Amino acid sequence: QVQLVESGGGLVQPGGSLRLSCAASGSIFSINVMGWYRQAPGKQRELVAAITRAGSTNYADSVKGRFTISRDRAKNTVYLQMSSLKAEDTAAYYCKAVGAGVSWGQGTQVTVSS
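Residues numbered from 1 in each chain as written. Predicted model: local features only at pLDDT ≥ 70, side-chain atom pairs only at ≥ 80, totals over all residues. Heavy atoms only, no water.

**Student:** Quick one: what's the story with the overall build of the protein chain, residue by residue and with numbers?
**Tutor:** Looking only at helices and strands, the protein chain has 0 helices and 11 strands in total. Taken from the N to the C terminus, the helices and strands of the protein chain come in the order β-β-β-β-β-β-β-β-β-β-β. For a compact globule of 114 residues, the expected C-alpha radius of gyration is about 13 Å, and the protein chain comes in at 13 Å, within 12% of that figure. Considering the protein chain as a whole, with its 114 residues, one finds that 40% of them fall into the buried category. Taking the intrachain contacts of the protein chain between residues at least 6 apart in sequence as the baseline, contacts between residues at least 24 apart amount to 51%. As presented, the protein chain carries roughly 6100 Å² of accessible surface, and 48% of it is formed by carbon and sulfur atoms. The positive charge centre, built from 12 side chains, and the negative charge centre, built from 6, are 6 Å apart in the protein chain. (Helix = DSSP H or I, 4+ residues; strand = E, 2+ residues; numbered from the N terminus. Rg over C-alpha atoms; globule rule 2.2 N^0.38 Å. Buried < 20%, exposed > 50% of the residue type's maximum accessible area, 1.4 Å probe, protein only. Contact = heavy atoms within 4.5 Å. Areas by Shrake-Rupley, 256 points an atom, 1.4 Å probe, with all protein chains shown as cover. Lys, Arg positive; Asp, Glu negative; His and termini not counted. Charge placed at Lys NZ, Arg CZ, Asp CG, Glu CD.)

Below, the structure is given as C-alpha cells:
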C-alpha cells in the first residue's frame, strides 16, 4: 500500500505562488505515475499535472507555463510549484499515485483571493 500526505495549501493572493508537497510512504517502489488533481465546488475533478517514474511530465492546458511538477526521489516526495496564481486555481488539490494500486491523498485546499 502507498500512503500519500499533501501539504502546502493555503490562502494566496492572485499572482502569488505556492508549493504543494506530496509525501509518499509504504510500497513506494511500486509507483509508476504520480499526479496532482484538483476539484472546485460544482466542478469535475481534473488532472493538473503528472510525472512518471522516468520523469516525464504532463500538464493541463490551463496551468502550462505556470505550474511545475517535480520530484525528490530521496525524500519520496512530489511537488507542485504554482506561480502566477489565478482565482480559477482555487480548489482542493489531491495527490494520486498509480502503481500496484491507486492511492489518493486527503487533499489540501488552495484558495486564491484578494
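**Student:** Give me the lowdown on the packing of aromatic side chains, citing residues and values where you can.
**Tutor:** Across all of its chains, the model carries 1 aromatic pair by this definition. Across the ring face of Tyr94, the terminal group of Arg45 is positioned such that the distance to the ring centre comes to 4.0 Å. Above the plane of the ring of Trp104 lies Arg45, whose end atom (NZ or CZ) is 4.8 Å from the centre. (Phe/Tyr/Trp six-rings, centres within 6.5 Å; stacked < 30°, edge-to-face > 60°. Lys NZ or Arg CZ within 6 Å of the ring centre and 35° of its normal.)

**Student:** Account for the layout of surface pockets, naming residues and giving values.
**Tutor:** The calculated volume of the largest pocket comes to roughly 320 Å³. Lining the largest pocket are 16 residues, with Ile28, Ile31, Arg71, Arg73 and Asn76 positioned closest to its centre. Of all elements in the fold, only strand E4 (33-39), strand E5 (46-52), strand E7 (67-72) and strand E8 (77-82) reach the threshold of two or more residues within the lining of the largest pocket. For the lining of the largest pocket, the class distribution of residues is 8 nonpolar, 4 polar and 4 charged. (1 Å grid on protein atoms, 1.4 Å probe; cavity = no way out; pocket = protein on both sides within 12 Å on 5 of 7 lines; lining within 4 Å. Points joined across faces, edges and corners; volume = space filled by probe spheres on them. Nonpolar A, V, L, I, M, F, W, Y, C, P; charged D, E, K, R; others polar.)

**Student:** Outline the state of the cysteines, listing residues and values.
**Tutor:** Per the counting criterion, the structure on display carries 1 disulfide. The residue that forms a disulfide with Cys22 is Cys95, at a sulfur-sulfur distance of 2.0 Å. Because the sign of the S-S torsion sets the handedness, a value of about -85° for the bond joining Cys22 and Cys95 places this disulfide among the left-handed ones. In this pair, Cys22 is assigned in strand E3 (residues 18-26) and Cys95 in strand E9 (residues 91-98), connecting sequence segments 73 residues apart. The pair formed by Cys22 and Cys95 is uniform in burial state, with each residue classed as buried. (Disulfide = S-S within 2.5 Å.)

**Student:** So what about a nonpolar patch on the surface? Which residues, and what values?
**Tutor:** A cluster of nonpolar side chains, namely Val33, Val98, Val102 and Trp104, defines an oily patch on the protein surface of about 290 Å² accessible area. Relative to the elements of secondary structure, Trp104 occurs in strand E10 (residues 102-104). Given a relative accessible area of 34%, Trp104 falls into the partly exposed group. (Patch = residues over 30% accessible without salt bridge, like charges linked within 9 Å, V, L, I, M, F, W, Y side chains within 5 Å. Salt bridge = Lys/Arg side-chain N within 4 Å of Asp/Glu carboxyl O.)

**Student:** Give me the lowdown on unusual backbone geometry, citing residues and values where you can.
**Tutor:** In the Ramachandran plot, Asn76 falls in the positive-phi region, its phi being about 50° despite a non-glycine side chain. When its relative accessible area of 29% is taken as the criterion, Asn76 is described as partly exposed. One non-glycine residue with positive phi stands out, namely Ser84, at about 50°. Within the secondary structure layout, Ser84 lies in the loop between E8 and E9.

**Student:** Explain the side chain of Arg66 residue by residue, including any values.
**Tutor:** As for its placement among the helices and strands, Arg66 is situated in the loop between strand E6 (57-59) and E7. Of note is the side chain of Arg66, whose polar atom sits 2.8 Å from the side chain of Asp89. Not counting residues up to four positions away in its chain, the partners in contact with Arg66 are Gln81, Met82, Ser83, Ser84, Leu85, Lys86 and Asp89. (Polar contact = N/O pair within 3.5 Å; in protein donor to acceptor, adjacent residues only side chain to side chain.)

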